[in-house]
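Chain residues, written in single-letter form:
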Amino acid sequence: MDKFIKVTDVTKTYWSEDGKTETKVVLPLSLTIAEGEMVMFLGPSGCGKTTLMRIIGGLEKQDQGSITLAGDLLAGPDRRRGMVFQSYSSFPWLCVRDNIKFGTRYRKDISAAEKEEITDHYMGMVGLSAYSDFYTNRISGGMRQRVAIARTLASSPDILLMDEPFGALDAQTREHLQFQLMDINKTEKKTTIFVTHDVEEAILLADRVVIFSARPARVVKEIDVNAVIPVQDRRNNKADMQKFFSLRNEILEIIRAEYRQTMEAT
Amino acid sequence: MLKPLFVFRHALPRKTEIILGIFGFFLFLTIWHMTASSGVIRPEFLPTPFAVAKAFIRLFTERDFASDIIVSVGRVWFAFLLSVVIAVPLGLMMSTYRAVGAILEPFIDFVRYLPVPALVPLLVIWFGVGETSKIAVLWMGTFFQLILLIADDTKRVPTEYIESGHTLGASNGQIMRHIIIPAALPNMIDNLRITLGWCWTYLIIAEIVAANSGIGHMIWSLRRFVKTPEVMAGIIAIGIIGLLTDQAFRFAHARLFSYQRR
Ligand SMILES: Nc1ncnc2c1ncn2[C@@H]1O[C@H](COP(=O)(O)OP(=O)(O)O)[C@@H](O)[C@H]1O
Ligand SMILES: [Mg+2]
């Protein structure tokens with residue numbers, strides 16, 4: 001496995017406004033992610049998953065440590081790391097198609113005609129072609145999130161960073177998007193980091209699950225899901241349910257133990 | 001057919017709304033007329049609507065009120081636009097760069113609480129009784145309010161929009177032009193409309209204190225001869241101009257930001 005993304009000894013501490021109390025959010029934490037890999041972040045809530053994700057995306061600055069992408073040291077956000085937020089970040093002043101096309105706006109690697117093509121491609125992929133000229137206040141929350149996902153994909157990032165993107169969606173929309181995301185990850189070899197609190201979602205999508213400790217976050221366990229349930233079986237709805245549930249219980253037990261620590265500490 | 005009138009938040013047909021609005025005006029005029037013609041209040045204090053309407057026409061035929069209106073409207077728009085072109089960029093900067101905000105906010109908050117009428121004597125000492133002092137009064141009255149309103153509108157643009165811009169590869173300037181401004185624009189236009197209304201308040205103050213032309217000056221000089229119908233007609237003229245401007249802004253707002261319609 002080549003080390004596509006390399007997080008080395010990253011730490012992050014938040015200070016209260018008066019500078020007196022500190023909140024250690026990330027301890028020296030190291031992590032590597034291979035090109036094309038789908039990595040799911042799991043951990044008790046408030047443990048620092050969002051913070052770590054934002055540091056990788058360049059939207060938050062780590063105190064110490066470094067992050068490299070294909071060997072390049074990263075600082076600050078850029079188009080190589082696309083972010084899909086938990087809240088719907090589609091732009092209300094643009095229609096669905098223009099929102100998605102916005103993803104191509106700052107690309108210099110493709111022609112204007114290709115931008116139109118790519119826009120239509122991703123609009124179709126997220127199933128919104130029929131809503132092309134709808135403004136986003138006329139479509140549902142799930143559709144808005146699909147717009148945001150298509151927009152990010154249209155910008156062609158090297159990595160896709162998704163922070164609980166399906167959290168607020170209804171079950172059908174979520175399942176639909178989960179399978180589409182697996183397809184994109186496998187067909188386009190799009191490296192993806194995905195934060196979730198839904199263990200089943202993590203197992204369904206993951207090549208690898210990374211479980212974090214209670215705050216400050218460190219890696220408690222990494223699980224190679226492919227070794228337990230081949231990704232093909234999961235994509236075809238043919239996963240061995242026995243294995244699926246025992247893996248789920250194993251993960252839940254680890255998170256529960258971490259969660260208990262948080263409760264005892266406070 | 002009348003049922004929608006009694007259901008909470010039930011939408012009304014546009015036509016019904018207009019008819020009701022006109023009805024409201026007539027109700028007001030009727031009460032006014034009945035009070036004025038009852039003889040309880042002397043006509044020097046409260047003339048009838050008809051007397052005011054006649055005075056309104058006289059203002060234009062006998063006193064060249066039209067040129068007073070032009071002068072006043074010109075002052076308002078000149079000062080207003082002067083506020084806008086400085087306040088909008090500064091307001092955008094204030095909430096985009098924290099340092100700019102930190103420098104300007106305390107000072108602006110201070111100036112904002114100085115009552116503008118209290119500044120009039122000072123501004124007259126500085127600029128005399130010519131056009132400059134009137135523009136200065138209007139500018140002082142709107143600029144410092146507007147800059148904070150614009151800064152607030154900018155601050156309310158969700159951080160996710162700006163961060164999305166960064167991760168889509170936009171530069172700072174592109175984020176400003178392509179994301180922050182379009183996102184804040186509907187609220188900004190609304191605040192411009194409200195600020196323009198304040199401009200009229202300060203204009204009348206400025207024209208009463210130091211002017212020899214304009215609506216405020218006209219009203220104030222007619223007061224000396226207790227020409228109450230003319231005074232009231234002048235005030236109504238201000239109301240009409242205000243109403244028309246406001247409606248024009250609302251119309252433009254609805255057109256420009258049709259995407260907000262549900
Ligand atoms: N900007 C911030 N300032 C201060 N504390 C923060 C900030 N962002 C997050 N935190 C704190 O850091 C901890 C981790 O937050 P987060 O990364 O959002 O956790 P998770 O996504 O795993 O639920 C929380 O305790 C949160 O209160
Ligand atoms: Mg989070």
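Residues numbered from 1 in each chain as written. Chains lettered and ligands numbered in written order. Predicted model: local features only at pLDDT ≥ 70, side-chain atom pairs only at ≥ 80, totals over all residues. Heavy atoms only, no water.

Our focus in this paragraph is the overall build of chain A. Per the secondary structure count, chain A includes nine helices and 10 strands. Radius of gyration (C-alpha) of chain A: 19 Å, near the 18 Å computed for a compact globule of 266 residues. Over its C-alpha atoms, taken along the principal directions, chain A stretches across nearly 55 × 50 × 40 Å. Looking at chain A as a whole, 52% of its 266 residues qualify as buried. A sequence separation of at least 24 residues applies to 69% of the contacts in chain A between residues at least 6 apart. Once the 36 positive and 37 negative side-chain charges of chain A are each reduced to a mean point, those two points are 2 Å apart. (Helix = DSSP H or I, 4+ residues; strand = E, 2+ residues; numbered from the N terminus. Rg over C-alpha atoms; globule rule 2.2 N^0.38 Å. Buried < 20%, exposed > 50% of the residue type's maximum accessible area, 1.4 Å probe, protein only. Contact = heavy atoms within 4.5 Å. Lys, Arg positive; Asp, Glu negative; His and termini not counted. Charge placed at Lys NZ, Arg CZ, Asp CG, Glu CD.)

Moving on: empty space enclosed by the protein. Here the structure, examined in full by the defined rule, presents four cavities of 30 Å³ or more. Taken as a whole, the largest cavity spans an internal volume of roughly 60 Å³. Taken together, Val111(B), Arg112(B), Leu114(B), Val116(B), Leu119(B), Met140(B), Gly141(B), Phe144(B) and Gln145(B) make up the full set of residues lining the largest cavity. With four residues, helix H6 (residues 131–155) of chain B is the largest single contributor of residues to the lining of the largest cavity. Considered class by class, the residues forming the lining of the largest cavity number six nonpolar, two polar and one charged. Examining the composition of the lining of the second largest cavity, we find that four residues originate from one element, helix H5 (residues 171–187) of chain A, more than from any other. (1 Å grid on protein atoms, 1.4 Å probe; cavity = no way out; pocket = protein on both sides within 12 Å on 5 of 7 lines; lining within 4 Å. Points joined across faces, edges and corners; volume = space filled by probe spheres on them. Nonpolar A, V, L, I, M, F, W, Y, C, P; charged D, E, K, R; others polar.)

All names here are of chain A. With mixed pairing, the six strands of this open sheet are ordered in space as E6-E7-E8-E3-E9-E10. If you trace the sheet from one side to the other, it starts and ends with strand E6 (81–84) and strand E10 (219–224), each paired once. Strand-to-strand, the axes of this sheet are offset by a mean angle of 15°, without reference to chain direction. Relative to strand E8 (residues 191–195), strand E7 (residues 159–163) runs parallel, the two sharing five bridges. Each bridged residue has a counterpart across the sheet, and for Leu160 the counterpart in E8 is Thr192. (Pairing = 2+ DSSP bridges. Axes fitted to C-alpha atoms, helices over the stretch in contact; angles between N-to-C directions.)

Below, the discussion takes up unusual backbone geometry. Most peptide bonds take the trans configuration, and most residues that are not glycine carry a negative phi. All names here are of chain A. The linkage connecting Arg215 with the following residue, Pro216, adopts the cis geometry, with an omega of -5°. Position of Pro216 relative to the elements: it lies in the loop between strand E9 (208–212) and E10. A positive phi angle is found at Asp9, which is not glycine, with a value near 50°. Along the chain, Asp9 turns up in strand E1 (residues 5–15). Assessed through its relative accessible area of 43%, Asp9 is described here as partly exposed. Despite not being glycine, Glu164 shows a phi value in the positive range, around 40°. Inspection of the secondary structure assignment puts Glu164 in the loop between E7 and H5.

Contacts between the two partners involve 25 residues from chain A and, on the opposite side, 18 residues from chain B. Approximately 2100 Å² of surface area, both sides summed, lies buried where chain A meets chain B, with 61% of it carried by carbon and sulfur atoms. Inspection of the region where chain A meets chain B yields one salt bridge. Two residues, Glu163(B) and Arg54(A), come together in a salt bridge whose shortest N-O distance is 2.7 Å. Our count for the chain A to chain B interface comes out at nine residue pairs in polar contact (both at pLDDT 80 or more). Only E6 and helix H4 (141–154) of chain A provide two or more residues apiece to the side of chain A that touches chain B. Per-element accounting of the side of chain A that touches chain B gives the leading share, three residues, to E6(A). (Buried area = accessible area lost by both parts, 1.4 Å probe. Salt bridge = Lys/Arg side-chain N within 4 Å of Asp/Glu carboxyl O. Polar contact = N/O pair within 3.5 Å; in protein donor to acceptor, adjacent residues only side chain to side chain.)

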